[in-house]
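# Remarks on the overall topology
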Amino acid sequence: MTRQSFSTLNIPTALLTNLTDLGYTEMTEIQAEALPAVLAGKDVIAKAKTGSGKTATFGLGILAKLDVKYFRVQSLVLCPTRELADQVAAELRKLARNIHNIKILTLCGGVPLGPQIGSLEHGAHIIVGTPGRIIDHLDKGRLKLDDLTTLVLDEADRMLEMGFQADLDTIMSKAPSQRQTLLFSATYPAAIAKLSQRLLKDPVEVTIAHQH
Ligand code: ADP
Ligand code: MG
């Protein structure tokens, strides 16, 4: 099957150039199916197996609309574990490596609070973190989501399995209602359908069937 090139998308030239440099010559299936809706600002539920390129799907959506001159938290990506948050942040930094002065910060549990508090005082454009620690920073007023335009739930199925449902609701209630919400999952149990009904608006659903 021939795949589309990223250049068919409405994304800034700097991002396209970097994708070429990274060797991302064509879109993966989930990227080809979901990116047009993501870039159009729609809420999206994307279901595709591990390794299918979901990070760049929301990453390019975040980066395409980010205003680097505006030094506020514009995007929040929630992940189930610190390891996954670190992987997501690494991929975002790769995708954003030629965007000058962009600040991507990880905020996860299991690491000391002190340095995170210091980093938050300096500010960030994009936060990647685990729900419990994000709530901690929100409750203490160190993190504000007033300027948030994109909220991502990555590996949403695993976050529910790990019992983060109430935390997700709490975080979403503190985010502006005028926002884009993107939900990524490898599986689609009933609990995910319920979660998305509560937290997403008229979502576009994209499912990539298992390839053999
Ligand atoms: P998922 O979140 O679906 O499990 P990832 O976003 O972690 O998948 O992507 C898996 C790997 O594929 C990563 O190493 C990423 O750098 C790479 N990748 C993603 N999109 C592309 C692409 N369009 N072309 C080449 N490699 C890609
Ligand atoms: Mg992933």
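Residues numbered from 1 in each chain as written. Chains lettered and ligands numbered in written order. Predicted model: local features only at pLDDT ≥ 70, side-chain atom pairs only at ≥ 80, totals over all residues.

### What to know about the UniProt feature "short sequence motif: Q motif" (unreviewed entry) in the protein
- In the numbering used here, UniProt assigns the feature "short sequence motif: Q motif" (unreviewed entry) to residues 4–32.
- Across residues 4–32, helical content stands at 48% and strand content at 0%; the span's end C-alpha atoms are separated by 7 Å. (UniProt positions renumbered as here; feature names shortened; annotations may be inferred. Helix = DSSP H or I, 4+ residues; strand = E, 2+ residues; numbered from the N terminus.)

### Observations regarding the environment of Leu16
- Relative to the assigned elements, Leu16 resides in helix α1 (residues 13–22).
- Considering only alpha carbons, one finds Leu16 and Leu60, 44 residues apart in sequence, at a separation of 9.8 Å.
- With sequence-adjacent residues up to four places away left out, Leu16 is seen in contact with Phe6, Ser7 and Ile11. (Contact = placed C-beta atoms within 7 Å.)

### Quick word on the packing of helix α6 (residues 131–139) against helix α8 (residues 165–173)
- For the pair α6 and α8, the least separation of the axes is 10 Å and the interaxial angle reads 40 degrees. With respect to α8, the element α6 is oriented oblique. α6 and α8 meet at a crossing whose hand is left-handed. Of the residues in α8, those in contact with Pro131, Gly132, Ile134, Ile135 and Leu138 of α6 are Asp167, Leu168, Thr170 and Ile171. (Axes fitted to C-alpha atoms, helices over the stretch in contact; angles between N-to-C directions. Parallel < 35°, antiparallel > 145°, perpendicular 65-115°, else oblique. Left-handed = near helix turned anticlockwise from the far one by under 90°.)

### Remarks on the site of ligand 1
- Surveying the vicinity of ligand 1 reveals 13 residues, the closest of which are Tyr24, Thr50, Gly53, Lys54 and Thr55.
- For the shell around ligand 1, the element with the highest residue contribution is helix α3 (residues 54–65), accounting for three residues.
- Partitioning the shell around ligand 1 into residue classes produces four nonpolar, seven polar and two charged. (Near = placed C-beta within 6 Å. Nonpolar A, V, L, I, M, F, W, Y, C, P; charged D, E, K, R; others polar.)

### Details of unusual backbone geometry
- Of note, Glu155 is a non-glycine position whose phi angle comes to about 50 degrees, a positive value.
- Within the secondary structure, Glu155 is located in the loop between β5 (150–153) and α7 (156–161).
- Its 22 C-beta neighbours within 10 Å are what place Glu155 among the buried residues.
- Its identity is not glycine, yet Asp202 carries a phi of approximately 40 degrees, on the positive side.
- Structurally, Asp202 is set in the loop between α9 (190–199) and β7 (204–207). (Buried ≥ 20, exposed ≤ 12 C-beta atoms within 10 Å, placed from the backbone.)

### Details of the nonpolar core
- Counting residues in hydrophobic clusters, the biggest one holds 55 residues, and the most contacted among them are Ala34, Val44, Ala46, Leu78, Leu92, Val128 and Leu153.
- It is helix α2 (residues 29–39) that provides the largest number of residues to this core, a total of six residues.
- Not counting the four nearest positions on each side in its chain, Leu78 is found in contact with Gly129, Pro131, Ile134, Val152, Leu153, Asp154, Met159, Leu168 and Ile171. (Core = buried A, V, L, I, M, F, W, Y, C linked by C-beta atoms within 7 Å.)

### Notes on the sheet that holds strand β1 (residues 44–47)
- Strand order in the open sheet made by the seven strands is β3-β4-β2-β5-β6-β1-β7, with parallel pairing throughout. Only two strands of the sheet have a single neighbouring strand rather than two, namely β3 (104–107) and β7. The average angle at which neighbouring strand axes cross in this sheet is 15 degrees, direction not considered.
- Of the pairings in the sheet, the one linking strand β2 (residues 75–78) to β5 comprises four bridges and is parallel in character. Looking across to β5, one finds that Ser75 is bridged to Thr150. (Pairing = 2+ DSSP bridges.)

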